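Okay, here's what each chain looks like letter by letter:
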2 protein chains.
Amino acid sequence: MVYLLIGMKSKTAPALPGRPRAFDPDIALDRAMHVFWAKGYEGAALSDLTRAMRINRPSLYAAFGNKVQLFRKVLDRYMDGPVGYFGKALALPTARGVVEDIFFGTARMADDATIPAGCLMVQGALACGDASVRKEVAARRTAAEFALRRRLQRAKREGDLPKNADPTELAHYVMTVVRGMAVQSAGGAGCDQLRRVAQIALRAWPTR
Amino acid sequence: MVYLLIGMKSKTAPALPGRPRAFDPDIALDRAMHVFWAKGYEGAALSDLTRAMRINRPSLYAAFGNKVQLFRKVLDRYMDGPVGYFGKALALPTARGVVEDIFFGTARMADDATIPAGCLMVQGALACGDASVRKEVAARRTAAEFALRRRLQRAKREGDLPKNADPTELAHYVMTVVRGMAVQSAGGAGCDQLRRVAQIALRAWPTR
DNA sequence: TTCATTATGTATCGATTGGTATAAAACTAA
DNA sequence: TTAGTTTTATACCAATCGATACATAATGAA
């Protein structure tokens, strides 16, 4: 009956043999995310991580592999959590609404005191000694941009964008502004300022 | 007659006593700049720096102080060198011309094979374990933004911008786009793509 | 109980980090 | 030459890096 367990998610673990772990992996991941977010991949030392996660080193390695694998899991959690607004925005009915929600959602993060400033996918490993980590994060940024591009291509098919509009270039533009907002936020810009930037950026949006 | 030397720059050094240094500090600084630029402040190890600069460690410390002070000198050189176009752009006659030159100058850097991708002031220390370095770089970004703001305020006084235009917000917008372009460039975007982004971004610029 | 299994805590590994002590080398001035 | 000065090169420092060995603690199963 083992195959029944595959793909299933039981609320309470099925009481595996051995000593039970004394921490919640998801909570620990959240804490690790904050460290990577604030200090970047290289700036986050194992000692920073274990202190914030409130576990010791062997527990971290047993549960998450190593530093790189922990960072990858944190990236996964980041995209499902703090930037979940991005995926939701893509489901809005109009292209303009999608872009507005992305811009203003990004701005809103800047005033959330429970999370670090900026964007993990930007400052996590923009320039990083470890090239594989740098490429990993760059690939995730590209993936987000691709998702937006697909959404804008659909909008054009639906007549939601002018015939002369180029979804690829518009997606590049939107993501450029979003990443610029992340840099500005990391430098201390607040939600109000970023909202005003978003208002100006939206003036470039094509009208039907 | 010593005071005559103060403020003077002689082509050839006046033959000071002691063993002459075997390297050109400016060339060494350029090489250090490339390392910091590509790997960030933390990602650039002393061994990386000395190898690229082709000097040994004591020479580096004797000539530049320590890693932080070397980074500061590199930042100075960066602003006078690779991003010198920024200051020149501010001297153009119209606000629109200024912003166009900043945008297209930023885009042009992406295809320059002699320099790393992205912007040293963005990826040098966006998220950095050393808070003083992070703040230093953020302050320099703010300074650039302030200079543009001043330029746009002048433009408004001169009637070069509409009466309802807000130079502060426009400067925020321009710098947000510029920094977003830096992130995109670090992720592999080329000059052509960034130029198209700049074209769209310019559609948001106010018309008289 | 006893065994098997897994997690925890401590202590440590080799490698690398930023930073120096020291002595030889290369110059000027006398 | 000789003394004084500065740079160079080697070797090394303590601290920290990411990652583990090992013994103990805590569970389920027998």
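Residues numbered from 1 in each chain as written. Chains lettered and ligands numbered in written order. Predicted model: local features only at pLDDT ≥ 70, side-chain atom pairs only at ≥ 80, totals over all residues.

**Comments concerning the overall build of chain A**
Here comes step 1: Across its full length, chain A holds eleven helices and zero strands.
Here comes step 2: Moving toward the C terminus, one meets the helices and strands of chain A in the order α-α-α-α-α-α-α-α-α-α-α.
Here comes step 3: Along the first, second and third principal axes, the C-alpha atoms of chain A reach 65 × 45 × 30 Å.
Here comes step 4: By the burial criterion, 41% of the 208 residues in chain A qualify as buried.
Here comes step 5: A fraction of 62% describes how many contacts in chain A between residues 6 or more apart in sequence connect residues 24 or more apart. (Helix = DSSP H or I, 4+ residues; strand = E, 2+ residues; numbered from the N terminus. Buried ≥ 20, exposed ≤ 12 C-beta atoms within 10 Å, placed from the backbone. Contact = placed C-beta atoms within 7 Å.)

**A look at the packing of helix α1 (residues 25-43) of chain B against helix α4 (residues 67-80) of chain B**
Residues and elements named next belong to chain B.
Here comes step 1: Between α1 and α4, the shortest axis-to-axis distance is 9 Å and the interhelical angle comes to 100 degrees. Relative to α4, the element α1 lies roughly perpendicular. Contacts between α1 and α4 involve L29, A32, M33, F36 and Y41 from the former and L70, F71, K73, V74, R77 and Y78 from the latter.
Here comes step 2: Taken together, the residues of the contact of α1 with α4 break down into nine nonpolar, no polar and two charged. (Axes fitted to C-alpha atoms, helices over the stretch in contact; angles between N-to-C directions. Parallel < 35°, antiparallel > 145°, perpendicular 65-115°, else oblique. Nonpolar A, V, L, I, M, F, W, Y, C, P; charged D, E, K, R; others polar.)

**A few points about the confidence of the model for chain A**
Here comes step 1: Counting all residues, the mean pLDDT for chain A is 93, and 93% of those residues have values of 70 or more.
Here comes step 2: For residues 1-13 of chain A, every residue scores under 50 in pLDDT, and the model assigns this stretch zero contacts once sequence neighbours within four places are set aside. (pLDDT = per-residue confidence, 0-100.)

**Considering the protein's contact with DNA strand D**
Here comes step 1: R19 and A45 of chain A together with G18, R19 and S59 of chain B are the nearest of the 25 residues found near DNA strand D.
Here comes step 2: Within the residue set of the surface near DNA strand D, elements represented by two or more residues are α3 (46-53) and α4 (57-64) of chain A together with α3 (57-64) of chain B.
Here comes step 3: When residues of the surface near DNA strand D are assigned to their parent elements, the largest contribution, four residues, is made by α3 of chain B.
Here comes step 4: Of the residues contributing to the surface near DNA strand D, the split by class is 13 nonpolar, six polar and six charged. (Near = placed C-beta within 6 Å.)

**Considerations on the interface of chain B and chain A**
Here comes step 1: Taken together, the contacts link 37 residues of chain B with 37 residues of chain A.
Here comes step 2: Mapped onto the side of chain B that touches chain A, the elements with two or more residues apiece are α1, α7 (120-123), α8 (131-157), α9 (167-186) and α10 (191-202) of chain B.
Here comes step 3: With twelve residues, the single largest contributor to the side of chain B that touches chain A is α9 of chain B.
Here comes step 4: Split by residue class, the side of chain B that touches chain A holds 16 nonpolar, 14 polar and seven charged.

**Some thoughts on unusual backbone geometry**
Here comes step 1: Not every positive phi belongs to a glycine, and R54 of chain A is a case in point at roughly 60 degrees.
Here comes step 2: With respect to the secondary-structure elements, R54 of chain A resides in the loop between α3 and α4.

**Focus: the protein's contact with DNA strand C**
Here comes step 1: Around DNA strand C, 25 residues are found, and the nearest of them are G18, R19 and S59 of chain A together with R19 and A45 of chain B.
Here comes step 2: At four residues, the largest contribution of residues to the surface near DNA strand C is made by α4 of chain A.
Here comes step 3: Residues belonging to the surface near DNA strand C are distributed by class as follows: 13 nonpolar, six polar and six charged.

**A look at the environment of W37 of chain A**
All names here are of chain A.
Here comes step 1: Counting through the fold element by element, W37 comes out in helix α2 (residues 25-43).
Here comes step 2: A residue is classified by how many C-beta atoms lie within 10 Å of it, and W37, with 23 of them, is buried.
Here comes step 3: If we skip the residues at most four places from it in the chain, W37 touches P116 and L120.

**Section: the relation of the copies chain B and chain A**
Here comes step 1: For the pair chain B and chain A, the relating rotation is 180 degrees, the translation along its axis is 0.0 Å, and the fit reaches an RMSD of 0.1 Å. Overall, the copies show the geometry of a two-fold rotation axis. When each C-alpha of chain B is compared by its distance to the rotation axis, G180 of chain B comes out closest, at 1.8 Å.
Here comes step 2: Mapped onto chain A, 100% of the interface residues of chain B are again interface residues, and the two copies thus contact each other with one and the same surface. (Least-squares fit on C-alpha atoms with pLDDT ≥ 70 in both.)

**So, the packing of helix α10 (residues 167-186) of chain A against helix α11 (residues 191-202) of chain A**
All names here are of chain A.
Here comes step 1: Between α10 and α11, the least distance of the axes is 11 Å, while the angle of their chain directions is 160 degrees. As judged from the angle between their axes, α10 and α11 are roughly antiparallel. Handedness of the crossing formed by α10 with α11: right-handed. Where α10 approaches α11, its residues V177, M181, Q184 and S185 are matched on the opposing element by L194, V197 and A201. (Left-handed = near helix turned anticlockwise from the far one by under 90°.)

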